[in-house]
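# Overview (structure and organization)
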Amino acid sequence: MKNMVIRASLKNWFQLFYVHKFPAAGFKTTADGAIILQSVSNDIYQNLAVEDWIHDNINLENMQVLFLWRNLSTVVIGRHQNPWQECNLKMMRQKNIKLARRRSGGGTVYHDLGNINLTFFTSKKKYERMENLKLVVKALKCLRPQLDVHATDRCDLLLNRNFKISGSAAKLGRTAYHHCTLLCSADRFLLSSVLKSPYKGIKSNATPSVPASVKNLFEEDPTLTCQIVMDAIAAEYAIYHQIDHHVTLINPADETVFPGINNKTKELQTWEWIYGKTPKFSISTCFNMVYKHSFLEVKVDMDVKHGRIEVCNINLPEEWLPPALCGELEKNLIGSKFCPSETTALASALLRSCPQDYEVHRRWNLFCENMTTTLM
Amino acid sequence: MGPPVSGYSPRSGSQDSGASCPLGRQGTAWLGSAASCLVLPDLHITSAGVCTATTAAKPIPAHPGLPSSRGRHQAAQVRCPWANSQPCPCPAWLEIAWGRDLQPVLKRLAGERECKPDNIKAPLSCSEWSSPRQAHRGSQPPLKVVESSFSPSRWFCPVRTFRFLTVPHVWYDPRGSPCAEGCLVRSAPFPACPGPVSGVRPHAAAAVMLPLLSRSRCLSRALNALRQGNCTLARCSVSGVPGGQGLACANSRKFVANNSSIFAVRYFRTTAACRNDVVTVNTPAFAESVTEGDVRWEKAVGDTVTEDEVVCEIETDKTSVQVPAPAAGVIEALLVPDGGKVEGGTPLFKLRKTGAAPAKATPAAAPPPAAAAPAPEPVSAAVAPPAAPIPTAMPPVPPVSTQPIESKPVSAVKPTAARAVEPGPSKGARSEHRVKMNRMRQRIAQRLKEAQNTCAMLTTFNEIDMSNIQEMRARHKDSFLKKHNMKLGFMSAFVKATAFALQDQPVVNAVIDDTTKEIVYRDYVDISVAVATPRGLVVPVIRNVETMNFADIERTINELGEKARKNELAIEDMDGGTFTISNGGVFGSLFGTPIINPPQSAILGMHAIVDRPVAVGGKVEVRPMMFVALTYDHRLIDGREAVTFLRKIKAAVEDPRVLLLDL
């Protein structure tokens, strides 16, 4: 049964060769069964879905795949990370930077069109991250021999012994893949500002990221563009696996090539995956509010599991807001998603159903506004 | 094999079963002899701790007092091996008998015996011996007794008949977790039970087997297991079931028992043992000489997994390694906390193999349809009819009565029971499911009801000819887009017209303050525009509409929409509002009455634009028409004002020049 499925998908895979770029003869020469794919999409969710699809559907016993892709501005967190700990969600919303959770481990990275992503698919047996990185280093050396690039034990690539240009992550399931980023001309300023979390007092056992100072390849050599680097890596990969240097362009939205991929894309975009998969954490913080020349301190303690608030304690000065209203908010927050829009909607619904009083309104608004901005 | 223990005699009393017996100590030995002696037909354990085998008990015919349950319930005869006034040494028995479903039976029994409820509680909380199995307890009651033929007079009779429904076949080590297939079980003596027999201390049975007591369900599961191919002995059980003996013999032979104080039972291997096997899954070896990683659980205790389903991921040095379940089953225990560190080879979790059938059936899930089993039920006593030759002749047509159909008095018509619907998700399934109302929904419900209770709501209608405004939009939309960089919609016309009408009829913009019995007139016009988003209905507010022109309104709506899309709407954006416009037309609503949003006094409902024949200048013409509805609080607003207000809106939308001329 299982064999059938794999064969069926392989058939599809072959179709992909025939239908798109590869002449039949060209395919026959690839005894090793290595191919190079490049995504035409710049959508993170679609590209991650391709990785997923290949991981789930392709028998990689006798085949290896290199997948090249680039994304629009996105922050990508590791499978077991906490987005509130890793990035500035508010800023990302304002700047329209997407957030994605990938299926591999590791830390948070920032992508934009100046960053290349490489995914090396192999069988679990052949999974060897250092080999892949050596290949990348070799490609870069071929391109610009003067570049000082080397791989570290952490599977990072360092430029000039100091600056990180590439980070790795991997997933070992039925098959294996190793993917890494490569900074060519990314927005370094945005990168560092977006990867700074403003949220304080989060306690969790989520995987923390290891920050590093980064540099773009093009800062070292302005002639290096993404396209040149990608071509060089593809060429090196082709030489390594003794195949023709053909890059097959794929469209991750094409259901005929990747049956079922759109569901995978959708799943990667759901709140339940991106935020809901956050390991349980607790947040314990206090913020200050200035209201009509008075100064007050609010303490908030929350436990969040699967992205939903499980325990909630808000400590407000008693006379400032009716305790009943505050208690109602606490009660209502339990079970709701830990996200500003949900909290805001809840707060406004609550407010509408409470006795109308201008003063209470103003205070309530200030309080809720502060809460959503400082917490979420 | 020793001879079976003979000489069962009624116990002389319940309370005096000996201080040495844990059960007796709790004053509840009656249960020890009732519930704890669910002895299998083929296996008896003597007080000296020797396993002996007897011939299997005969299946007992169904109890006459019970509805016929052939194929579903199976009677079993059980005996108390310690009935001859020896202290009951074996909490393990109780362990087996224990189960949530047993409780009502025990309670009923207690009632028959006029026992105090205290008597029941104690043995049911035998935590001191059973703590290692607590986790298991929660997930799957070991035994379900559905009926028993106890009667008060037979209370102390050592032979009891229990009726069982689905008895899981598990080997239990009384002190530990259920044993794995073929494992060696060694029982340590119970210190609380000094042996009465010639210095040999009695011991709890190392492991006790509950044989196949039930038929149909277990069988279908056994068949499942068979089909899965993970159980070679299933065949044996299947063949053994009809007589209830084949299996018994097969199993009894496997006992190796001796008279030493610590005895061992080897090679338990039955269908049940195979199927309910508990395996401990270890951490796989990591690639690339990585030594340790963090565990991230995807499943929890009690979850059902299929073969190859990912149970957890281990994150080692930026790599996430999936750990799949080796077989279908139920997660019995997680041996590492979430986020805990493991090395290659560390035990990770325990899995109880269950074959294909999920052991923890959710109430919503339909029971596995019996028909799903491909094999015909070999258990059922009825022999399958021999295949008859295919008939060649047509069956005779029954003679049609020549008499007219007699009428029957209604009383003579007997209701026939509707045929039982086959379980399972069929097309016409009449199931229902309940979803907890979220707090937001509760809030909305409460608020709407409050509005209905306080306001005297009344709705007035009108219709608007949209041809003028459509023409205006068609003519100016390009230049509007060029200058303001946004599209011109109908919303701005309605918002502006409403603001105009609100200024004309200030009472519609006012609200009653119930606490002070005052009417609050607002000199500003803040219009809430209800917008449906994927997350639900949000009501952002356009403020000071009276000072805005069409372009300002469109811009504000666009900005609020953009904010809503980015989830950046603050409460302030949604707070307040003196009047609401709700556009059901985007969903195609032709006609409807909106409901007031307190603290407001009126709401305008827009609807779909539909081409309709209308009389224009004495002729029938087809015009794009829209119904509008105004729901208002009649406590404050009179009909005249409301109607005038709505007509004002109609006028301003139909001919926006009205706004210019302030007519």
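What you see is a predicted model; the values in this text were computed from it and never measured.

### A look at the overall build of chain A
Helix and strand counts for chain A stand at 14 helices and 16 strands. When contacts within chain A are restricted to residue pairs at least 6 apart in sequence, long-range pairs at least 24 apart make up 74% of them.

### Here's the deal with the environment of B:Ile603
Residue and element names in this part refer to chain B. Mapping Ile603 onto the fold places it in strand 23 (residues 602-616). With a relative accessible area of 4%, Ile603 lands in the buried category. Distance from Ile603 to Thr578, taken between C-alpha atoms, is 9.4 Å for residues 25 residues apart in sequence. The residues contacting Ile603, other than those within four sequence positions of it, are Phe579, Thr580, Ser582, Pro594, Ile595, Ile596, Ala629, Leu630 and Thr631.

### Regarding the interface of chain A and chain B
Taken together, the 54 residues of chain A in the interface contact 34 residues of chain B. In total, chain A and chain B occlude about 3,900 Å² of area from one another, counting both sides; carbon and sulfur atoms represent 45% of this. The tally of links between chain A and chain B comes to two salt bridges. In this structure, B:Glu298 engages A:Arg79 in a salt bridge whose closest nitrogen and oxygen atoms are separated by 2.3 Å. When residues of the side of chain A that touches chain B are traced back to their parent elements, those giving at least two are helix 5 (89-95), strand 10 (168-172), helix 12 (323-333), helix 13 (340-352) and helix 14 (358-375) of chain A.

### With respect to the nonpolar core
Counting 80 residues, the largest nonpolar core has A:Met302, A:Ile314, A:Leu316, A:Phe338, A:Trp364, A:Phe367 and A:Met371 as its most contacted members. A per-element tally of this core places helix 3 (residues 44-57) of chain A first, with seven residues. Split by domain, this core shows at least three residues from each of two domains, domain 1 (33-275) and domain 2 (281-375) of chain A. Discounting residues that sit within four places of it in the chain, A:Leu316 has contacts with A:Met289, A:Leu296, A:Val298, A:Leu321, A:Cys326 and A:Phe367. B:Leu502, B:Val507, B:Ile553 and B:Ile581 belong to the second largest nonpolar core, which has 48 residues in total.

### Details of the pattern of salt bridges
With the rule as written, the count across this model stands at 34 salt bridges over all chains. Here A:Glu220 and A:Lys215 are joined by a salt bridge, their closest N and O atoms 3.7 Å apart. We note a salt bridge from B:Lys650 to B:Glu654, for which the minimum N-O separation is 3.1 Å. Note that B:Lys650 and B:Glu654 are positioned in helix 17 (residues 639-654) at a spacing of four residues, about one turn of the helix.

### Points about helix 3 of chain A
Residues and elements named next belong to chain A. Along its 14 residues, helix 3 runs 20 Å from first to last C-alpha, staying within 8% of the 20 Å computed at 1.5 Å per residue. The element helix 3 is largely enclosed, with a buried count of twelve among its 14 residues. Within helix 3, the full set of buried residues consists of Ile44, Tyr45, Gln46, Asn47, Leu48, Ala49, Val50, Glu51, Asp52, Trp53, Ile54 and His55. Regarding helix 3, its N-cap is Asp43, as a side-chain oxygen of that residue lies 2.9 Å from the backbone nitrogen of Tyr45 further along.

### Regarding the side chain of B:Gln600
Residue and element names in this part refer to chain B. The residue Gln600 is located in the loop between strand 22 (579-583) and strand 23 in this model. Given a relative accessible area of 5%, Gln600 falls into the buried group. Among the polar contacts made by the side chain of Gln600, one reaches the main-chain carbonyl oxygen of Gly577 at a distance of 3.1 Å. In contact with Gln600, not counting residues within four places along its chain, are Val511, Ser528, Gly576, Gly577, Thr578, Phe579 and Thr580.

### A few points about the confidence of the model for chain A
Residues and elements named next belong to chain A. On average, residues of chain A score 85 in pLDDT, and 90% of them are at 70 or above. Here helix 2 (residues 24-28) stands out as the element of chain A with the lowest mean pLDDT, 34, in contrast to strand 3 (residues 74-77), whose mean of 95 is the highest. Here residues 1-11 is modelled with pLDDT under 50, and outside its nearest four sequence neighbours on either side it reaches six contacts, counting other chains as well. Here residues 14-31 scores under 50 on pLDDT; set against residues more than four positions off or in separate chains, the count is 23 contacts.

### What about the pairing of strand 2 (residues 64-69) of chain A?
All names here are of chain A. Summarising burial for strand 2: six of the six residues are buried, a large majority. By the bridge criterion, five bridges tie strand 1 (residues 34-39) to strand 2 in an arrangement that is parallel. What sits directly across from Ile36, in strand 2, is Leu66. Crossover strand 1 to strand 2 through helix 3 is right-handed.

### Digging into the packing of helix 12 of chain A against helix 14 of chain A
Residue and element names in this part refer to chain A. Contact geometry of helix 12 with helix 14 gives a least axis separation of 12 Å together with a crossing angle of 35°. Here helix 12 runs over helix 14; the crossing is right-handed. Judged by residue contacts, Leu325, Leu329 and Leu333 of helix 12 engage Val360, Trp364, Phe367 and Met371 from helix 14. A per-class count over the contact of helix 12 with helix 14 returns seven nonpolar, no polar and no charged.

### A few points about the packing of aromatic side chains
For the structure on display, the rule yields 15 aromatic pairs over all chains. Both rings, one in A:Trp84 and one in A:Phe338, keep their centres 4.9 Å apart while their planes meet at 70°; by these two values the pair is edge-to-face. Of this pair, A:Trp84 sits in helix 4 (residues 83-86) while A:Phe338 sits in the loop between helix 12 and helix 13, and the two are 254 residues apart along the sequence. Assessed through its relative accessible area of 2%, A:Trp84 is described here as buried. Arranged with centres 6.0 Å apart and planes meeting at 85°, the rings of B:Trp297 and B:Phe349 form a pair that is edge-to-face. With B:Trp297 in strand 9 (residues 292-297) and B:Phe349 in strand 15 (residues 347-353), the pair connects residues that are 52 residues apart, well separated along the chain.

### Section: the packing of helix 13 of chain A against helix 14 of chain A
Residue and element names in this part refer to chain A. The contact between helix 13 and helix 14 brings their axes to 10 Å, and the two run at 165°. By the criterion of interaxial angle, the relationship of helix 13 to helix 14 is roughly antiparallel. For the crossing formed where helix 13 meets helix 14, the hand is right-handed. Of helix 14, the residues touching helix 13 (which contributes Pro340, Thr343, Thr344, Ala347, Leu350 and Leu351) are His361, Trp364, Asn365, Cys368, Met371 and Thr372. Residues of the contact of helix 13 with helix 14, tallied by class, amount to seven nonpolar, five polar and no charged.

The rules we used
- Residues numbered from 1 in each chain as written.
- Chains lettered and ligands numbered in written order.
- Predicted model: local features only at pLDDT ≥ 70, side-chain atom pairs only at ≥ 80, totals over all residues.
- Heavy atoms only, no water.
- Helix = DSSP H or I, 4+ residues; strand = E, 2+ residues; numbered from the N terminus.
- Contact = heavy atoms within 4.5 Å.
- Buried < 20%, exposed > 50% of the residue type's maximum accessible area, 1.4 Å probe, protein only.
- Buried area = accessible area lost by both parts, 1.4 Å probe.
- Salt bridge = Lys/Arg side-chain N within 4 Å of Asp/Glu carboxyl O.
- Core = buried A, V, L, I, M, F, W, Y, C linked by side-chain atoms within 4.5 Å.
- Domains from an automatic or database assignment.
- Expected span 1.5 Å × (residues − 1).
- Polar contact = N/O pair within 3.5 Å; in protein donor to acceptor, adjacent residues only side chain to side chain.
- pLDDT = per-residue confidence, 0-100.
- Pairing = 2+ DSSP bridges.
- Right-handed = clockwise from strand over helix to strand, strands pointing away.
- Axes fitted to C-alpha atoms, helices over the stretch in contact; angles between N-to-C directions.
- Left-handed = near helix turned anticlockwise from the far one by under 90°.
- Nonpolar A, V, L, I, M, F, W, Y, C, P; charged D, E, K, R; others polar.
- Phe/Tyr/Trp six-rings, centres within 6.5 Å; stacked < 30°, edge-to-face > 60°.
- Parallel < 35°, antiparallel > 145°, perpendicular 65-115°, else oblique.

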